[in-house]
Amino acid sequence: MDVSVGPLMTAAHQAGALEKDLQCKLYQHMQACRVMEQRAYDLFMQNLIKGTSHLALGQEAIAAGFGVAMREDDYTFCTYRGHNHTLVRGVSMTAILGELMGRECGLLSGKGGSMHLMDVDKGAMGSYAIIGAHLPMAAGAAWSAQYRDSGQVAVCFFGDGTTNIGAFHEALNFAAIWDLPVIFVCENNLYMEYTPIGDVTAVEHPAADRASAYGLERVVIDGNDADVVYAVANKAIERARAGEGPSLIEAQTYRHGGHSRADPGKYRPEEEVAAWKRRDPIKMYRARMLENGIDESEIIAIEEAQLGRVDKATATAKSSGPPPLEIANTDVWADGSSTWRN
Amino acid sequence: MKVLMPQLGETVTDGTIVAWHKQIGDAVEKGEVLLDIETDKISTEIEAPVSGVLVSIDVTEGETVDVGTVLAELAEAVEDSVAVIDENVEVAEEIKSSAPSENALSDAPEAIARLSRGENLSPAVRRLVTEHNLKINDIDGSGRDGRVTRQNVLDHIAGLDSSAPPTQAKQDERTERIAFNRMRKVTAAHMVKSKATSPHVLQTIDADFSAIDRSRLSRKAQWKATTGYSLSYLPYIARAVCKAIADFPLVNSTVGDEELIVHSRINLAIAIDLNFDGLVAAVTRDANDLSVSELAERFNDLVMRARAKELQPDDLQGGTYTLSNPGPFGTLFTAPIINQPQVAILSMDAVKKRPHVIESDSGDAIAIRPVGILAHSFDHRAIDGAYSAAFLQRLQSIIQKADWDSEF
Amino acid sequence: MAELSYREAVAAGIAQEMRRDESVLFIGEDIAAAGGVFKTTEGLLDEFGPLRVRDTPISEQAILGAVAGAAMTGLRPIAEIMFSDFFAVCWDIVVNQIAKTRFMSGGQCSFPLVIKSGNGGGARFGAQHSQSIENWAMAVPGLKVVAPSNAADLKGLMAASIRDPDPVLFFEQKSLYGTKCEVPDGELLIPLGNAAVTREGTDVTIVALAAMVPRALKAAETLQSEHGISAEIVDLRTLVPLDTKAIFKSVSKTGRLVTVEENPRLCGWGAEISSLVSEELFWDLDGPILRVTTPHIPLPSADALEDAVLPSPARIVENVLKLVD
């Protein structure tokens, strides 16, 4: 196995303090994600959100790091645990909460739900609920950008469990052979749904240890360190934009909650949970910002602003009614209809 | 239990449904009226033969069906519903056992076998029949097993359209179209059939009605006062006919299959006009047993009831010889049409004062006498001209010489 | 007019559209350098170059995922799935991603892509390379389904499919590749959702698709010459959108319907046609609706067996005779 350090790992090691603006931006995104996901949890408990929901509490640094590094017209593809990835592209929090609650003001007009958040205008090209399916789609979007010579890149987020499904391997090989500008980001939160990922994977690092199979650099980073995530994201995106092909990044992290609402996550050892909660990305970054000399009042201002934002979004979304029934029969086809016959 | 169209008259072959009194699903008691029907000139009711539930009505109001046609079905109490359940089980087993084997390469259309005449008319056939108000029995079926196909119905409709009489290019305001009522239709059909069946020969003779006049005129006033109606020539002629038939029985018969069926009783029918709105031939059974006065009474009763449409089937059935008397209108003679299945009919028109030659030893003289012409149409299959002529001669003799007073 | 084979018409249709629209790209296994395993795409690499006509690895999920991602982001890609049986390998991308995403997004994006595939039996390839799966596609909301029966229709329908703003599954019937017919010169475009009345008749309507159309035509000739029965043949051409008007017009004229389907019996496309006609045209039917299909079995490979199970002209005649009095 090639243990030489490539450009992405170099960038990771060299990650240092960022400009204040960037730090604040990163913190703001993480804070926004945190309060929105917590609110989603609360709304569940109040039975205002139906069905199921997959919260990414504790994994905010990855979404935020990439979100800040991406260009406005870059593409995001993520999984059903994608509220954060969608939010950081500048998508309306009201629309996200509205969609979760099945309201008319919802991001998808109430037609998609929690697992399919998407805002094409913002480059959020969809959250997908079939494990691995969006990886080749992200490759396709990257292929499109390459063909059009637009300089856009696609960033594709998925979990550790995805690394064992066929589409993962097909997509990586495909992207590698065509040098597609796509960054594959594996958020390894150590558990494939309810099962420790090590029990079901032939290698220790489910994504990074497969990279060489596709001729790619082995990259494992601390996914809870926003600065590191940002640095590596930046580098990968830069390389992709320059035509140097795809990347595969394994970002280690941990989710505070269970796999989904139905899951209290009791299969994880208490000490493990406690240890990772001590490494809460937001807590860590807050401390670092203070260390870097940022005034606490500014930090508090960011926190309060995001709280105010989520309260406003919640209130607005709650006041919206259910979608009109007619829309159930719309938008199967590009012309807006669902007609299959004359 | 099936309710059938009954035969309401000897020559009646069908009947018309006038009105249903019950609906499908109604419970009926034995004897309760189910529907009204009408045949030729009779209206009558059909009663439920048993108690039960009316489960099907197979004919609609206005429809005319043959005698013996199923009109409706009654489900009697428990036994019938059990029968229905068993039927379903039978059908289910039939379907199971007739399912094609899994490995059969051919596609097996079981449903086609069930499309045949009488059961399971196809949807297209049903719709067309309903839309065009047709009777399925009127339509020839050329499909498998004689089934009526959609094309058969379409052809039938086209045929009806083309056989309709050509309409006038411009509606003439002075003409009036009077649709045939049931009686007219029946009469028309009967007349055509009679002429087509019997080779008619007309033979006439005249008769001097002086003797009958003496009897009739002397009684006229009193008769009218007692009975309320006039004593006409008809009962006299009827009596004379009966007497003549006694000597010439073959005119009182029916042609069978290469045989003549000679009737022993004389059931004399008289033609009664219903105020220009139809014609009935009302029968007096065993007329030969009746005197002139009895005949007169009987005839009056028949006329009254005919005009009030109160005739019973017995009044119309079983005639063996018919007498027609259009005399009041002053006509000379009429060539009447035989009333099937009889072999002869007599028409007696007006009795009029005529100059009549009287022969005597002292020479011929002309006197004024009441004379009427008897016109006899007979079926030449049954009898010949000489026989009929001899019958007429006998009749003439009776009219002119019978002791009419002894009839009263 | 030129005579083209069915397989030549594939390349002709794709080329016509690639010439007029630079956003049309084409990828698949062995479609570029080799011109396709069935030689349906010869000449395309030469004319349009390796950026627009590209060979892929054996990665059906990646191939279809890629065209999905490209279609969402402004291109009009075409992908080939070599044998339609292989759709099962990547059916998730087709039915869960491509077919559903527009709807789930509330109409934010669309998928103007074509997936073309070699469909059906008759080539003795055995069960995993011979099934007709157009009924699988018809059953998925969000997919258009095209299945031409001749070279001219193929070229025109291919062009229309590429121009269509929605996902189209384009089924080329393998057994028809060698058939030829006159194809008009110049641009050819046959809008989707238009059936063709290939033969007019009065006694029975035979609705057929793809390779079953020529078989129905042969059966119609036999029915006319040997039995005096006049059959009307309706070539559906597309299953979605469905030209129900054409079907109804024909059946209301003849009163009788027979479908001829290459797919296996259960839930074949004829079941839907039968249901529509019996529901909306019940009172015009002079007999039950019959379906002539392959039995509900995987296709056997031996030529004698395969020929016996695929609907033949003789079997079509046999069924019509049962139906027509």
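In this convention, every chain numbers its residues from 1, walking through the sequence in written order. A letter from A marks each chain and a number from 1 marks each ligand, given out in the order of writing. A pLDDT threshold of at least 70 governs which residues receive local features in this predicted model, and a stricter bar of 80 or more applies before side-chain atom pairs are shown or counted, although totals over entire chains, interfaces and linings include all residues.

(A) A look at the overall build of chain A. For chain A, the helix and strand inventory stands at twelve helices and eight strands. The exposure label follows from counting other C-beta atoms within 10 Å of a residue's C-beta, where the C-beta atoms are placed from the backbone and the thresholds are 20 or more for buried and 12 or fewer for exposed, leaving partly exposed in between. Within chain A, buried positions represent 55% of all 342 residues. Distance between backbone-placed C-beta atoms decides contact: two residues are in contact if it is within 7 Å. Long-range contacts, defined as pairs at least 24 residues apart, comprise 76% of the intrachain contacts of chain A with a sequence gap of at least 6. Helix numbers and strand numbers start at the N terminus; a helix is a DSSP run of H or I with at least 4 residues, a strand a run of E with at least 2.

(B) Region of the structure containing the overall build of chain C. When helices and strands are counted, chain C shows twelve helices and 14 strands. Per-residue burial over chain C gives 62% buried out of 325 residues. Put simply, of all contacts in chain C between residues at least 6 apart along the chain, 80% involve residues at least 24 apart.

(C) Geometry of the interface of chain C and chain A. The interface is formed by 41 residues belonging to chain C together with 40 residues belonging to chain A. Per element, the largest residue contribution to the side of chain C that touches chain A is nine residues, and it comes from helix α3 (residues 60-72) of chain C.

(D) Main features of the interface of chain B and chain C. Facing 17 residues of chain B, the contacting portion of chain C comprises 19 residues. For the side of chain B that touches chain C, the elements supplying multiple residues, two or more each, are α2 (110-113) and α3 (123-131) of chain B. Among the elements that make up the side of chain B that touches chain C, the one with the highest residue count is α3(B) (four residues). Here the side of chain B that touches chain C is composed, by residue class, of eight nonpolar, four polar and five charged. In the scheme used here, Gly and all other residues not listed as nonpolar or charged are polar, with Ala, Val, Leu, Ile, Met, Phe, Trp, Tyr, Cys and Pro taken as nonpolar and Asp, Glu, Lys and Arg as charged.

(E) Just unusual backbone geometry, in detail. In this model, Q340(B) is joined to P341(B) through a cis peptide bond whose omega is 5°. The omega torsion across V240(C) and P241(C) is -5°, close enough to zero to call that bond cis. Take P241(C): it is sitting in the loop between β12 (238-240) and α9 (244-254). Phi at D30(C) is positive, roughly 65°, even though this residue is not glycine. Along the chain, D30(C) falls in the loop between β2 (24-28) and α2 (44-48). We note that R237(C) has phi near 65°; this positive angle belongs to a residue other than glycine. Position of R237(C) among the secondary structure elements: in the loop between β11 (231-235) and β12. The exposure class assigned to R237(C) is buried, which follows from the 27 C-beta atoms found within 10 Å.

(F) Representation of the nonpolar core in the model. Among the nonpolar cores identified, the biggest contains 208 residues, and A139(A), C156(A), V182(A) and V232(A) are the most heavily contacted of them. For the purposes of this description, domain bounds are those given by an automatic or database domain assignment. The residue makeup of this core includes at least three contributed by each of domain 1 (2-183) and domain 2 (196-323) of chain C. Any set of buried Ala, Val, Leu, Ile, Met, Phe, Trp, Tyr and Cys residues joined through C-beta atoms within 7 Å is what this text calls a nonpolar core.

(G) Local environment of helix α7 (residues 151-163) of chain C. Residue and element names in this part refer to chain C. In a regular helix each residue adds 1.5 Å, so 13 residues correspond to 18 Å; α7 covers 19 Å between its end C-alpha atoms and thus fits that length. Within α7, twelve of the 13 residues are buried, which leaves it mostly tucked inside the rest of the structure. For α7, the complete set of buried residues consists of A151, A152, D153, L154, K155, G156, L157, M158, A159, A160, S161 and I162. Here the expected length of a helix is defined as 1.5 Å per residue gap, with one fewer gap than residues.

(H) Inspection of the environment of G62(B) at higher detail. Structurally, G62(B) is set in the loop between β6 (52-57) and β7 (64-66). By the C-beta count within 10 Å, which is 10 here, G62(B) ends up exposed.

(I) Inspection of the pairing of strand β13 (residues 279-284) of chain B at higher detail. All names here are of chain B. Of all six residues in β13, five are buried; the element is thus mostly enclosed. In this analysis, strands are considered paired if DSSP registers two or more bridges between them. Bridging between strand β12 (residues 268-273) and β13 involves six bridges; their strand directions are antiparallel. Pairing of I270 across the sheet is with A282, part of β13. Between β12 and β13, which follow one another and run antiparallel, lie five residues, and N275 among them has a positive phi close to 50°.

(J) Expanded view of the packing of helix α6 (residues 134-148) of chain A against helix α7 (residues 166-177) of chain A. Residue and element names in this part refer to chain A. With axes taken as lines fitted to C-alpha atoms, and helix axes fitted only over the stretch in contact, angles between N-to-C directions fall between 0 and 180 degrees. Put simply, α6 and α7 touch, their axes get as near as 8 Å, and they point 20° apart. Between α6 and α7, the interaxial angle falls into the category roughly parallel. Here α6 runs over α7; the crossing is left-handed. Contact residues: L135, P136, A139 and A142 in α6; A167, F168, E170, A171, F174 and A175 in α7. The class makeup of the residues in the contact of α6 with α7 is nine nonpolar, no polar and one charged. Orientation is classified from the angle alone, with under 35 degrees giving roughly parallel, over 145 giving roughly antiparallel, 65 to 115 giving roughly perpendicular, and any other angle giving oblique. Handedness of a crossing is defined here by the sense of rotation of the near helix relative to the far one, left-handed for an anticlockwise turn of less than a right angle and right-handed for a clockwise turn.

(K) The sheet that holds β7(B), seen in detail. All names here are of chain B. Taken in spatial order, the four strands of this open sheet run β5-β4-β2-β7, and their pairing is antiparallel. Unpaired on one side and paired on the other, β5 (42-47) and β7 mark the two borders of the sheet. Between one strand axis and the next, the sheet turns through 40° on average, direction left out of account. Here strand β2 (residues 14-20) runs beside β7; their pairing, made up of three bridges, is antiparallel. Residue T16 lies in a different strand from β7, and its bridge partner there is T64.

(L) Highlighting the sheet that holds strand β3 (residues 154-159) of chain A. Residue and element names in this part refer to chain A. Spatial ordering of the open sheet is given by β2-β1-β3-β4-β8-β7, a layout of six strands whose pairing is parallel. The open sheet has two free edges, formed respectively by β2 (124-128) and β7 (220-222), since each of these has just one partner strand. The sheet shows a mean angle of 20° between the axes of neighbouring strands, taken without regard to direction. In the sheet, strand β4 (residues 182-188) pairs with strand β8 (residues 247-252) via six bridges, with the strands oriented parallel. Bridging from a neighbouring strand, F184 pairs with L248 of β8.

Functional significance is not addressed by these values, which are geometric in nature.
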